[in-house]
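Analysis of the macromolecular model
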Amino acid sequence: MRKLKCFQVSGLTVEGVLDEFNERAEEFGIKESDIVSVSALPPTLGTKLATPTGTATPKVEVVIVYWSDK
């Protein structure tokens, strides 16, 4: 039975988060046709992000809702 699942991640830019998601979608078993919605919000988590030069405060949070067979 298919279930709705959510991928929620903080990042510096929406484009950066979506690029990483697209690179790893196959790893999660997600096809483009499985995606229900994509939303960008102000960051809600208080964690810092690791960057090549240290840490950074997230500027955006992206929520992707999708159908999953797992």
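Residues numbered from 1 in each chain as written. Predicted model: local features only at pLDDT ≥ 70, side-chain atom pairs only at ≥ 80, totals over all residues. Heavy atoms only, no water.

Our focus in this paragraph is the overall build of the protein chain. Counting its regular elements, the protein chain contains 1 helix and 5 strands. Element order for the protein chain, N to C, with α for helix and β for strand: β-α-β-β-β-β. Taken across its 70 residues, the protein chain has 24% of its residues classed as buried. Long-range contacts, defined as pairs at least 24 residues apart, comprise 72% of the intrachain contacts of the protein chain with a sequence gap of at least 6. Surface exposure of the protein chain reaches about 5100 Å², of which carbon and sulfur atoms provide 55%. Across the protein chain, 8 positive and 10 negative side-chain charges occur, with their mean positions spaced 8 Å apart. (Helix = DSSP H or I, 4+ residues; strand = E, 2+ residues; numbered from the N terminus. Buried < 20%, exposed > 50% of the residue type's maximum accessible area, 1.4 Å probe, protein only. Contact = heavy atoms within 4.5 Å. Areas by Shrake-Rupley, 256 points an atom, 1.4 Å probe, with all protein chains shown as cover. Lys, Arg positive; Asp, Glu negative; His and termini not counted. Charge placed at Lys NZ, Arg CZ, Asp CG, Glu CD.)

What follows deals with the pattern of salt bridges. Scanning all chains against the criterion turns up 3 salt bridges. One salt bridge connects Asp 34 with Arg 2, and the closest N-O pair in it is separated by 3.6 Å. Taken together, the residues span a long stretch of sequence, with Asp 34 in the loop between helix 1 (14-28) and strand 2 (35-41) and Arg 2 in the segment before strand 1 (3-11) at a distance of 32 residues. For Arg 2, a relative accessible area of 39% corresponds to the partly exposed category. Residues participating in the shared-partner salt-bridge network are Glu 20, Arg 24 and Glu 27. (Salt bridge = Lys/Arg side-chain N within 4 Å of Asp/Glu carboxyl O.)

In terms of nonpolar packing, the biggest core is built from 8 residues, these being Val 17, Phe 21, Ala 25, Ile 30, Val 60, Val 62, Ile 64 and Tyr 66. Of all the elements, strand 5 (residues 60-68) adds the most residues to this core, at 4 residues. Ignoring anything within four residues of it in the chain, the contact list for Phe 21 reads Phe 7, Ile 30, Ile 35 and Ile 64. (Core = buried A, V, L, I, M, F, W, Y, C linked by side-chain atoms within 4.5 Å.)

Here we come to helix 1. Asn 22 marks where helix 1 bends most, by close to 40°. Along helix 1, the residues that are buried comprise Val 17, Phe 21 and Ala 25. Looking at the buried positions of helix 1, the neighbouring elements they touch are strand 1, strand 2 and strand 5. Looking at the residues trailing helix 1, positive phi occurs at Gly 29, about 75°. (Bend = angle between axes of the 7 residues up to and from the residue.)

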